[in-house]
Amino acid sequence: MTLPTSVKLVEVGPRDGLQNESATVPTEIKIELIDRLSRTGLRVIEAGSFVSPKWVPQMADTAAVLARINRRGGVSYPVLVPNMRGLHDARAARASEIAVFAAASETFSRKNINASIDESLARYQEVCDAARAHAMTIRGYISCVLWCPYEGAIDPEAVLRVAERLLAMGCYEVSLGETIGKGTPGEVQRLIVTLVERIPRDMLAIHFHDTYGQALANVFAALELGIATVDSAVAGLGGCPHAPGATGNVASEDVLYMLNGLSIHTGVDLAALVGTGRFISDHLGRPPASRANRALFRPSN
């Protein structure tokens, strides 16, 4: 077994983590959260999304957040963009990186974005062409890469087809979303084995939810096959409105604690990350879902 010597952590807490909170999180708290994350050594922090406020009201202030965060050199602050209107708003907010999101499940795609997989990809082709014309970088997401709440198990070949189309549009990386958190390490490895026959490992990332308590084991299973980019959310924030019962993302603190124990370099300060997880959890009025955070936190953090 040869594990990566370094891993890039993609922090998704400020967007994927907060988007389903029922109570509005004030703009000032989101700015403070991102600024604190920026000081931990993270190189990628998903800052928000330009989806219609009708559908995701929690992200309605993304432009204001981007205008006021302290953008640190060497740190990317991608935003989710669903269409050309979203791209226009992202450019106006001085975003330099966007993310587009598709699904490997036809039913989930229709329920999540009211479009078939093919319709969504046609829409993203226009978005990606325009983004590249303005020298913006593009990341792709695929939901339901192992299981779908409506269709059940997902064929790895379905994931491959979507991933190849996103990469052909100009995405530099595709993040594999295990949306309902049901997948197990063996399923993760079978998927990755299928994908790396056609896609370089360094163009794949993993994005796991922890509904069944499998997320950290799934991360390790992906590391074993050479995947070296991991999405996670500080304090284990998150969920999905179109995946009933899905809990939060794998916690950034838990992933980092494991990576530190494996002597895998990330450049991220664990104590600073724990303090940041406690900051947002205190605002939300509940303890962090991260077990490492609960074990390591001291008031002086």
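All of these numbers come straight from a predicted model, not from anything done at the bench.

Caption draft 1: Examining the packing of helix α2 (residues 27–38) against helix α11 (residues 270–284) more closely. It is the contact of α2 with α11, at a shortest axis distance of 9 Å, that shows an interaxial angle of 170 degrees. Relative to α11, the element α2 is oriented roughly antiparallel. Every residue of α11 that contacts α2 at Ile29, Glu32, Leu33, Arg36 and Leu37 is listed here: Leu273, Gly275, Thr276, Phe279, Ile280 and His283. Class assignment of the residues belonging to the contact of α2 with α11 gives a composition of six nonpolar, three polar and two charged.

Caption draft 2: Region of the structure containing helix α7 (residues 156–169). With 14 residues, α7 should cover 20 Å at 1.5 Å per step; its first-to-last C-alpha distance of 20 Å lies within 8% of that length. Listed as buried for α7 are Ala158, Val159, Leu160, Val162, Ala163, Leu166, Leu167 and Met169. Capping the start of α7, Asp155 holds a side-chain oxygen 2.9 Å from the backbone nitrogen of Glu157, two or three residues further along. Of the residues flanking the end of α7, it is Gly170, one or two places downstream, whose phi is positive at about 115 degrees.

Caption draft 3: Here's a closer look at the nonpolar core. Core analysis: the biggest nonpolar cluster contains 102 residues, and Leu9, Val79, Ile98, Ile142, Val159, Leu166 and Ile280 have the highest contact counts within it. No other element matches α7, which puts eight residues into this core. Those residues in contact with Ile98 that sit more than four places away from it in its chain are Val79, Val81, Leu87, Ala90, Val127, Ala131, Met136, Thr137, Ile138 and Arg139.

Caption draft 4: Representation of unusual backbone geometry in the model. The phi torsion at Ala135 lies on the positive side, around 60 degrees, for a residue other than glycine. With respect to the helices, strands and loops of the structure, Ala135 is situated in the loop between α6 (117–133) and β6 (137–143). Even without being a glycine, Ser263 presents a positive backbone phi close to 60 degrees. One can find Ser263 in the loop between α10 (252–261) and α11. Exposure remark for Ser263: the relative accessible area of 65% places this residue in the exposed category.

Caption draft 5: Quick look at the packing of aromatic side chains. Counted according to the given criterion, the structure contains one aromatic pair. Between Phe101 and Tyr124, the ring centres sit 6.0 Å apart and the planes meet at 50 degrees, which makes this aromatic pair tilted. Remark: Tyr124 occurs in helix α6 and Phe101 occurs in strand β5 (residues 97–103); sequence separation between them is 23 residues. A residue is classified by how much of its surface remains accessible, and Tyr124, at 0% relative accessible area, is buried. Stacked on the ring of Tyr141, the Lys or Arg Arg15 has its end atom at 5.9 Å from the ring centre. Lying over the aromatic face of Tyr150, Lys111 brings its terminal NZ or CZ to 5.1 Å of the ring centre.

Rules and cut-offs
Residues numbered from 1 in each chain as written. Predicted model: local features only at pLDDT ≥ 70, side-chain atom pairs only at ≥ 80, totals over all residues. Heavy atoms only, no water. Axes fitted to C-alpha atoms, helices over the stretch in contact; angles between N-to-C directions. Helix = DSSP H or I, 4+ residues; strand = E, 2+ residues; numbered from the N terminus. Parallel < 35°, antiparallel > 145°, perpendicular 65-115°, else oblique. Contact = heavy atoms within 4.5 Å. Nonpolar A, V, L, I, M, F, W, Y, C, P; charged D, E, K, R; others polar. Expected span 1.5 Å × (residues − 1). Buried < 20%, exposed > 50% of the residue type's maximum accessible area, 1.4 Å probe, protein only. Polar contact = N/O pair within 3.5 Å; in protein donor to acceptor, adjacent residues only side chain to side chain. Core = buried A, V, L, I, M, F, W, Y, C linked by side-chain atoms within 4.5 Å. Phe/Tyr/Trp six-rings, centres within 6.5 Å; stacked < 30°, edge-to-face > 60°. Lys NZ or Arg CZ within 6 Å of the ring centre and 35° of its normal.

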